[in-house]
Amino acid sequence: MCSGRNGNNREGDLQDGFRPGATSDETNVLLGVFEQTRTGLHKDMGSIEYILVAAAGLLLLSIIASKASGRLGVPALLIFLAVGMLAGSDGPGGIYFDNAPVAQGLGVVALVLILFAGGIVTKWERIRPVLWRGVALSTFGVFITAFLVAAFAKFVLQFTWLEGLLLGSVVASTDAAAVFAVLRSRSVSLKGELEQLLELESGSNDPMAVLLTLGMIRLMAEPGTPVISLAPMFLLQMALGAVLGYAMGKLMTWIINRVKLEYDGLYPVLTLTLVLLTYSITSTLGGNGFLAAYLSAIVLGNSDFIHKRSLIRFHDGLAWLMQIVMFLTLGLLVFPHALVPIIGAGLLTSLFLVFVARPVSVFLTLWPARMTMAEKAMVSWVGLRGAAPIILATFPLMAGVAHAEMYFNIVFFVVLTSGLLQGLTIPTLAGWLGVDAPLAGKRRAPLEYEPTGKSRSDLAEVFVPSDSAVVGRRILDLGLPPGSLVVLIIRGETTIVPSGGTVIEPGDELLIFADRDQLSGIVAIINRRKEEQERETTEQTE
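What counts and how
- Residues numbered from 1 in each chain as written.
- Predicted model: local features only at pLDDT ≥ 70, side-chain atom pairs only at ≥ 80, totals over all residues.
- Heavy atoms only, no water.
- Helix = DSSP H or I, 4+ residues; strand = E, 2+ residues; numbered from the N terminus.
- Buried < 20%, exposed > 50% of the residue type's maximum accessible area, 1.4 Å probe, protein only.
- Contact = heavy atoms within 4.5 Å.
- Areas by Shrake-Rupley, 256 points an atom, 1.4 Å probe, with all protein chains shown as cover.
- Pairing = 2+ DSSP bridges.
- Axes fitted to C-alpha atoms, helices over the stretch in contact; angles between N-to-C directions.
- Parallel < 35°, antiparallel > 145°, perpendicular 65-115°, else oblique.
- Left-handed = near helix turned anticlockwise from the far one by under 90°.
- Nonpolar A, V, L, I, M, F, W, Y, C, P; charged D, E, K, R; others polar.
- Core = buried A, V, L, I, M, F, W, Y, C linked by side-chain atoms within 4.5 Å.

Visitor: Can you help me understand the overall build of the chain in this one?
Guide: Counting its regular elements, the chain contains 23 helices and 6 strands. A total of 542 residues make up the chain; the buried ones form 51% of that total. For the chain, long-range pairs separated by at least 24 residues make up 77% of all intrachain contacts whose partners lie at least 6 apart in sequence. Put simply, the chain shows about 24,800 Å² of open surface, and 64% of that area lies on carbon and sulfur atoms.

Rendered as structure tokens:
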């Protein structure tokens, strides 16, 4: 991100925000409206249509282009990034954008909402078996990665230790959401607890990367500051983030269930307000707002509250919107011609990160864990860099750190190459390592149940495996807990309203209404294999 087109001065660009630099009349009018709006001289408000056309057009183009990500095996986020670059000053779009403060502000808000959307769908029972491993990867793993990249930058790229640590901190966090998108596009899943581990790591490692990045910027801005002085700041931010995140999650649940709004459409507005309030209050008090937003979402998502399904869908859609807008903005922010001088350094850094830093950090962190070498190798490879590193790369720009533009360009190049290299090979490597599994097709049930805040029951969809012991048995012979009810059976393309005499067939999807405490037992009954039941029956007979 060095100097812009036509030799424009960086400081002047940051002050002026947008400057007309395209050749088309439409683009000049659009950028002129931006300038008029900023200076308060916007007399022709009809020109806002140009802004809406440009924004809506880029969004629509990004959404349509994302369809290609499935066929190519490339994360959709890179498609959004490419659209932004094509629309930028070096592309056919010709939009000149060099406003780092706007990009950073948008990125921070987007990251908060993305973390919240990921946390609200994270089930405690899924992450509990991998809790300590996920937390270790998101803390010690991030630190080890940052240190190894720093050493590489010091001895190969001739950076100072602080410059290397800053670069390492920025690229240390991962984005598993991009990984899962690639796997789903290839109808591939991961065996065992790998998906839960990657889900927890990617959701919780951004706060640690933020802390390290801010700490390194502080050390560079205040030479002579002892490194040990950062320890109290780290502890305070993590502790406040955890405590306030848990407290705000509980408060969110209480408010949503008690406020009793007259209009259902206000509930999404309420949760959005509470998310932003959680981040801003925590950050203002000196805590880690990103950690607080993520933890509050986990607490809320694992609680009972009204309009739960609709609110989860709202935040999922909002997270996608934020990712598209953010990557479009970051694509506009980078000048592709400025990437050429750092191709060598960027490529070497990316290769070192993928083949050395990430594997070493994973194997050291998971050394005590009872995981196979293949599973650890898969976790090592699933270390795509995504939104967070590019957002964090704007922090040195805002802080006025020396060579900040070089950091941004290297990080941008690392994210680009990481997504292409790892994104294209994840399904193939999963097959080689034997950790892949067919992705179960998700069918939309014709019934939905919206639990109230005080309800203890839920409607669960349970798939019947072909080797299940319940295949060929009637519903009344399944031994389901009292009070549970099989409401509907989805069989192929048809739905069946069952009776007690309905026989279960392999591949059926059962919609079961039961108490939440009973659901795990019901799932165990349906997933029990025929061989296990026959063996137990034989042992009891003998």
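Visitor: Explanation requested: the sheet that holds strand S4 (residues 485-491) in the structure shown.
Guide: The strands that make up a sheet are held in pairs by hydrogen bonds between backbone atoms, and each pair lies either parallel or antiparallel. Taken together, 4 strands build an open sheet; the order of strands is S3-S6-S4-S5 and the sheet is antiparallel. The open sheet has two edge strands, strand S3 (457-463) and strand S5 (494-496), and neither has a second partner. Averaged over all neighbouring strand pairs, the angle between strand axes comes to 20°, with direction disregarded. Direction of pairing for S3 relative to strand S6 (residues 509-515): antiparallel, over a ladder of 7 bridges. Note that in S6 the partner of Asp 458 across the bridge is Ala 514.

Visitor: Just checking my understanding: could you explain the packing of helix H12 (residues 206-221) against helix H13 (residues 230-258) for this structure?
Guide: As a packed pair, H12 and H13 sit with axes 11 Å apart at the nearest point and diverge in direction by 150°. By the criterion of interaxial angle, the relationship of H12 to H13 is roughly antiparallel. The interaxial crossing formed by H12 with H13 has right-handed handedness. Across the interface between the two elements, Leu 211, Leu 212, Gly 215, Met 216, Arg 218 and Leu 219 from H12 touch Leu 230, Met 233, Phe 234, Gln 237 and Met 238 from H13.

Visitor: Sorry, what's going on with the packing of helix H6 (residues 100-120) against helix H20 (residues 387-399) here?
Guide: The description of two packed helices rests on the angle between their axes and on the distance between the axes. At a minimum axis distance of 9 Å, the contact between H6 and H20 shows a crossing angle of 140°. Judged by the inter-axis angle, H6 sits oblique to H20. For the pair H6 and H20, the sense of crossing is left-handed. Note on element contacts: H20 touches H6 through Ile 391, Thr 394, Phe 395, Leu 397 and Met 398, opposite Ala 100, Pro 101, Gln 104, Gly 107, Val 108 and Leu 111. In the contact of H6 with H20, the residues fall into 8 nonpolar, 3 polar and no charged.

Visitor: Just checking my understanding: could you explain the nonpolar core for this structure?
Guide: Taken as a class, soluble globular proteins show a tendency for nonpolar side chains to be buried jointly. By size, the foremost hydrophobic cluster in this structure holds 118 residues, and its most contacted members are Met 378 and Val 379. Leaving out residues up to four positions away in the same chain, Val 379 has contacts with Leu 137, Leu 194, Leu 197, Leu 198, Arg 358, Val 362, Leu 366 and Met 371. Counting 16 residues, the second-largest nonpolar core is a separate cluster that includes Val 470, Val 471, Ala 514 and Leu 519.

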